[in-house]
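The residues making up each chain are set out below.
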Amino acid sequence: MPEVQETDFLIVGVGIAGLRAAIGLAADGARVLVVTKEALGESNTNYAQGGIAVAMSGEEDVALHLDDTVNAGDGLVNREAARVLVEEGPLRVEELLRWGTDFDREGGQLMLTREGAHSRNRILHAHGDATGAEIGRSLLRHARSMQEITLREWTTTICLMMHNGAVAGVKLLDKDGELSQVRARAVLLASGGAGQVYSDTTNPAVATGDGIAMAYHAGAEIADMEFYQFHPTALSLPNVPRFLLSEALRGEGAYLRNASGERFMERYHPLLELAPRDVVARAITREGMGAAGETLPVYLDMRHVTKIDSATRFPGISKFLGEHGLDLRQHLIPVRPAAHYLMGGVRTDVDGRTSLSRLYAAGEVACTGVHGANRLASNSLLEGLVFGARAAEAMTSETAAPSRTVSPSREMPPLREVADLRSRLQQAMWQKAGLLRDAEGLAAAREEVRAIESENPVGFSRPLVELWNLQTLSRLIVRSAMARKESRGAHFRNDFPQRNDTQLQKHSVVSKGNEVAFVEFSQPQVMV
Ligand SMILES: Cc1cc2nc3c(=O)[nH]c(=O)nc-3n(C[C@H](O)[C@H](O)[C@H](O)COP(=O)(O)OP(=O)(O)OC[C@H]3O[C@@H](n4cnc5c(N)ncnc54)[C@H](O)[C@@H]3O)c2cc1C
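What you are looking at is a predicted structure, and each value in this text was computed from that prediction instead of being measured.

Draft legend 1. Main features of the overall build of the chain. The helix and strand inventory of the chain stands at 15 helices and 23 strands. The C-alpha atoms of the chain give 22 Å as radius of gyration, which agrees with the globular expectation for 528 residues (24 Å, within 12%). Each principal axis of the C-alpha distribution contributes one length, and for the chain these read about 65 × 55 × 45 Å. A buried classification covers 62% of the 528 residues belonging to the chain. Taking contacts inside the chain between residues at least 6 apart in sequence as the whole, the part at least 24 apart equals 73%.

If you want it as structure tokens, here you go:
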């Protein structure tokens, strides 16, 4: 029998959402156990470059931030969630400043930059292009100063434990392969995104959508899975990871050029290089398709930008490019889109409540509907802070953990070599359920996922659990993308290129054993 421990609250993930929630719960005097799959720094948060969007200069600024968020979401933003985000954002960022986050300043004033689809400069950044790492550092330092918080690295949550239909804890796997169980009054999923579903992604290897898969298998509602944001400008060099070239580069004036050297965005959108991400990503994909089906290069060009020193403003990016013989000041930089941010996830209300009793979710794993069909740049760090804090507040109302033995919400899969299957899955999803979709491609993706699942090996390990989760996520993305017979935001169907507001200005919701349904967002119905 695995060891059973008890805590007041268990949090899965040490990104911005998990850390902010832990601090909130500990401030209330509760014991909080925070677990993470790898070292403390390994999260999407740690790699966030461009910044955090926040309206710090009063009501008009807040109203404009709301408008920009709603406009970017292409008709599908949950206005209540967006209002909460922009109104509470300044408070949460002021907290960060008090806790020592070292945002960049000029003459003592916070520096503000702009990114795509923002109507004014409102993006705070730190150490140039290391905003997420700096926020993570200060949150972690604050969390470490609170004795109620226990941080446990290299510990993978493999499934939720249930009691009478409510979530009662989790099952954990440590790096030596030992299993244990933790009972808790409530569990917060803050496990981040799922970029690893795709072969081309800006996300680190830990982003395998575990929280969504676990919640789905436990019976929770999952929403808007067809909306995956593809970042337009990841570095495109053979055998080099898809390193992100922040939108802030275009915010500072960088152009996009095709293989003929032409600046092409004027053919796609009046905001040119600062058009919404989905528009820019599709434009780059189209410009990169040669007449004979060959792939043509597309470039980011910053050579003309002299108002800033790009090496000082973007030190991390400049260093990475330098390691590959490229310099923003001298060279055209080859780029291509890559899977970046999942708008969908575990459906929650604005307090992080999911449709399962005692299960909460916040950050990229959650779907409040705040981003609609397309996230506004730099709104996700803010989302983690605001909704992490709100989830913590709501969780404190949960009473004692059930004392009875809990049962696993799903059977564990078996083990063998899994890297090839993971890579096959990622390729299939990229080619058939990526930026440009149609019924035929999606059906082929569904078949390929099934074929890969049928080859699942026997045994038990973290790589296998992750593969299983990626398969679950792939199925959910394909099913939701098939059901949404229109194009909206980040979801583009070649066979349904128009938006269908009459029938589909709604969120997709799917749960175990049920078909995809389209619903207006109100509070999720909690099942007990
Ligand atoms: C390269 C890059 C640049 C970005 N730039 C920006 C930006 O400039 N501005 C912005 O707003 N957003 C940006 N984003 C998006 C933003 O970083 C993320 O959406 C946000 O940080 C997510 O925070 P989170 O707390 O929800 O999850 P994460 O920060 O991803 O944290 C998730 C945590 O959960 C852990 N975990 C996952 N599964 C398990 C499991 N089964 N068991 C235990 N632990 C688990 C992970 O190890 C990790 O610690 C960027 C993302 C990337 C990848």
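Draft legend 2. Highlighting the pairing of strand β2 (residues 9-12). Of the two faces of β2, the one lined by Phe9 and Ile11 and the one lined by Leu10 and Val12 are each fully buried. Bridge count for β2 against strand β3 (residues 32-35) is four bridges, and the pairing is parallel. When the bridges of β3 are listed, Leu10 appears paired with Leu33. This β-α-β element, β2 to helix α1 (residues 16-27) to β3, shows right-handed connectivity. Bridge analysis of β2 against strand β12 (residues 186-189) gives four bridges, and the strand direction is parallel. Across the sheet, residue Ile11 finds its bridge partner in β12, namely Leu188.

Draft legend 3. Main features of the nonpolar core. The biggest cluster of nonpolar side chains holds 60 residues, and the ones touching the most others in it are Leu10, Leu160, Leu189, Tyr198, Ile212, Ile222 and Val346. Counting residues per element, this core draws most heavily on helix α14 (residues 462-483), which supplies nine residues. Counting 54 residues, the second largest nonpolar core, distinct from the first, contains Ile52, Ala81, Leu124 and Leu188.

Draft legend 4. Region of interest: the site of the ligand. Taken together, 38 residues lie around the ligand, and Thr45, Gly51, Asp210, Glu364 and Ser380 are the ones closest in. Between the ligand and Glu42 there is a distance of 3.3 Å, counted from an oxygen atom to a backbone nitrogen or oxygen. A distance of 2.5 Å separates an oxygen atom of the ligand from a polar side-chain atom of Thr45. The fraction of the free accessible surface of the ligand (1,000 Å²) that becomes covered by protein chains is 97%. At the level of secondary structure, the elements contributing two or more residues to the shell around the ligand comprise α1, α2 (44-47), β9 (155-163), β17 (333-342) and α11 (379-395). In the shell around the ligand, the residues fall into twelve nonpolar, 21 polar and five charged.

Draft legend 5. View of the pattern of salt bridges. Evaluated as defined, the whole model comprises 48 salt bridges. Glu6 serves as the salt-bridge partner of Arg183, at 3.9 Å between the closest nitrogen and oxygen. Here Arg183 is found in strand β11 (residues 179-183), whereas its partner Glu6 is found in strand β1 (residues 3-6), with 177 residues between them in sequence. Judged by relative accessible area, which is 44%, Glu6 ranks as partly exposed. Salt bridges here are not isolated pairs; linked through shared partners, they connect Asp74, Glu226, Arg484, Glu486, Arg488, Arg499 and Asp501.

Draft legend 6. Main features of helix α13 (residues 439-454). Compared with the 22 Å implied by 1.5 Å per residue over 16 residues, the 23 Å span of α13 between its first and last C-alpha is a close match. Among the residues of α13, Gly441, Leu442, Ala445, Val449 and Ile452 are the ones counted as buried. On an axial view of α13, the arc spanned by its buried residues comes to 95 degrees, and they lie on one face. The exposed set on the far side of α13, more than 90 degrees from its buried face, consists of Glu440 and Ser454.

Draft legend 7. Up close: the packing of helix α12 (residues 419-432) against α14. Between α12 and α14, whose axes approach to 10 Å, the crossing angle comes to 15 degrees. As judged from the angle between their axes, α12 and α14 are roughly parallel. As α12 packs across α14, the resulting crossing turns out to be left-handed. Contact with α12, carried on its side by Leu421, Arg422, Leu425 and Met429, involves Glu466, Leu467, Leu470, Gln471, Ser474, Ile477 and Val478 of α14 and no other residues of that element.

Draft legend 8. Examining the pairing of β12 more closely. In β12, alternate side chains face the same way, and those of Ala186 and Leu188 on one face and Val187 and Leu189 on the other are all buried. With three bridges connecting them, β12 and strand β19 (residues 359-361) associate as parallel partners. Counterpart to Leu189 in the pairing with β19 is Ala361.

Draft legend 9. How the structure looks around the sheet that holds β12. The five strands are arranged β8-β3-β2-β12-β19 in an open sheet whose pairing can be described as parallel. Edge strands, defined here as strands with exactly one partner in the open sheet, are β8 (149-152) and β19. Direction aside, the axes of adjacent strands within the sheet are offset by 20 degrees on average. Set on the sheet, α1 makes contact with β2, β3, β8 and β12; between it and β2 the angle comes to about 165 degrees.

Draft legend 10. Local environment of unusual backbone geometry. Positioned with a positive phi, Asn239 is a non-glycine residue whose angle comes to about 60 degrees. Considering the arrangement of structural elements, one finds Asn239 in the loop between β14 (228-235) and α7 (247-251). Taking the relative accessible area as the measure of exposure, Asn239 reaches 83% and is therefore exposed. A positive phi angle, close to 65 degrees, is found at Arg358, a residue other than glycine. The residue Arg358 is located in the loop between β18 (345-347) and β19 in this model.

Draft legend 11. Structural context of the environment of Val35. Assignment of secondary structure puts Val35 in strand β3. Residue Val35 is classed as buried on the basis of its relative accessible area of 0%. Along the sequence, Val35 and Gly107 sit 72 residues apart, while their C-alpha atoms lie 40 Å from each other. Residues in contact with Val35, not counting those within four places in the same chain, are Leu10, Ile11, Val12, Gly13, Arg152, Thr155, Thr157 and Leu172.

Draft legend 12. Representation of the packing of aromatic side chains within the structure. A full pass over the atoms with the stated rule returns seven aromatic pairs. Pairing Tyr198 with Tyr228 gives two aromatic rings, centres 5.5 Å apart and planes at 80 degrees, and the pair type is edge-to-face. In this pair, Tyr198 is assigned in the loop between β12 and α6 (210-218) and Tyr228 in strand β14, connecting sequence segments 30 residues apart. Judged by relative accessible area, Tyr198 falls into the buried class, the value being 0%. Taken together, a centroid distance of 6.2 Å and an interplanar angle of 50 degrees make the contact between Tyr228 and Phe230 tilted. One aromatic cluster in this structure is built from Tyr198, Tyr228, Phe230 and Trp430. Against the face of Tyr255 rests Arg263, its NZ or CZ located 3.6 Å from the ring centre. Over the ring of Phe492 we find Arg286; its NZ or CZ atom is 5.3 Å from the centre of that ring.

Here is what the cut-offs are and how they apply
- Throughout, residues of each chain are indexed from 1 in the direction in which the sequence is written.
- Per-residue local features are limited, in this predicted model, to residues with pLDDT of at least 70; the limit for side-chain atom pairs, both in listing and counting, is 80 or more; totals at the level of whole chains, interfaces and linings are taken over all residues.
- Each side-chain value is derived from all of the structure's non-hydrogen atoms; neither hydrogens nor water enter the calculation.
- Each helix corresponds to a stretch of at least 4 residues labelled H or I by DSSP, and each strand to a stretch of at least 2 residues labelled E; elements are numbered beginning at the N terminus.
- Only C-alpha atoms enter the radius of gyration; for comparison, a globular chain is expected to reach 2.2 Å times N to the power 0.38, where N is the number of residues.
- Note on exposure labels: buried denotes an accessible area under 20% of the residue type's maximum, exposed denotes more than 50%, and partly exposed covers the range between, all computed with a 1.4 Å probe on protein chains only.
- By the convention used here, residues are in contact when the closest approach between their heavy atoms is within 4.5 Å.
- Pairing between strands is defined by DSSP: at least two bridges between the two strands are required.
- Think of it like this: strands point away, you trace from the first strand over the helix to the second, and a clockwise trace means the crossover is right-handed.
- Here the nonpolar core consists of buried residues drawn from Ala, Val, Leu, Ile, Met, Phe, Trp, Tyr and Cys, with membership extended through side-chain atoms lying within 4.5 Å.
- When at least one non-hydrogen atom of a residue lies within 4 Å of a molecule or strand, that residue is treated as near it.
- Polar contact is defined as a pair of N or O atoms within 3.5 Å, subject to the rule that within protein one atom must be able to donate a hydrogen and the other to accept it, and that residues adjacent in sequence are counted only when both atoms are side-chain atoms.
- To be clear on the numbers: accessible area is Shrake-Rupley with a 1.4 Å probe, and residue cover counts the displayed protein chains and nothing else.
- Gly is placed with the polar residues, together with every amino acid not listed as nonpolar (Ala, Val, Leu, Ile, Met, Phe, Trp, Tyr, Cys and Pro) or charged (Asp, Glu, Lys and Arg).
- The term salt bridge refers to a side-chain nitrogen of Lys or Arg lying within 4 Å of a carboxyl oxygen of Asp or Glu.
- For a helix, the expected span equals 1.5 Å multiplied by the residue count minus one.
- The directions from the helix axis to the C-beta atoms are what the arc is built from.
- Angles run from 0 to 180 degrees between N-to-C directions of axes, and those axes are lines fitted to C-alpha atoms, restricted for helices to the stretch in contact.
- For classification purposes, an angle smaller than 35 degrees is called roughly parallel, one larger than 145 roughly antiparallel, one from 65 to 115 roughly perpendicular, and anything else oblique.
- For any pair of crossing helices, the crossing counts as left-handed if the nearer helix is rotated counterclockwise from the farther one by less than a right angle, and right-handed if it is rotated clockwise.
- Pairing of aromatic rings covers Phe, Tyr and Trp, the last through its six-membered ring, and needs centres within 6.5 Å; plane angles under 30 degrees mean stacked, over 60 mean edge-to-face, and all others mean tilted.
- Here, over-ring charges are defined by two tests on the NZ atom of lysine or the CZ atom of arginine: distance to the ring centre within 6 Å, and angle to the ring normal within 35 degrees.

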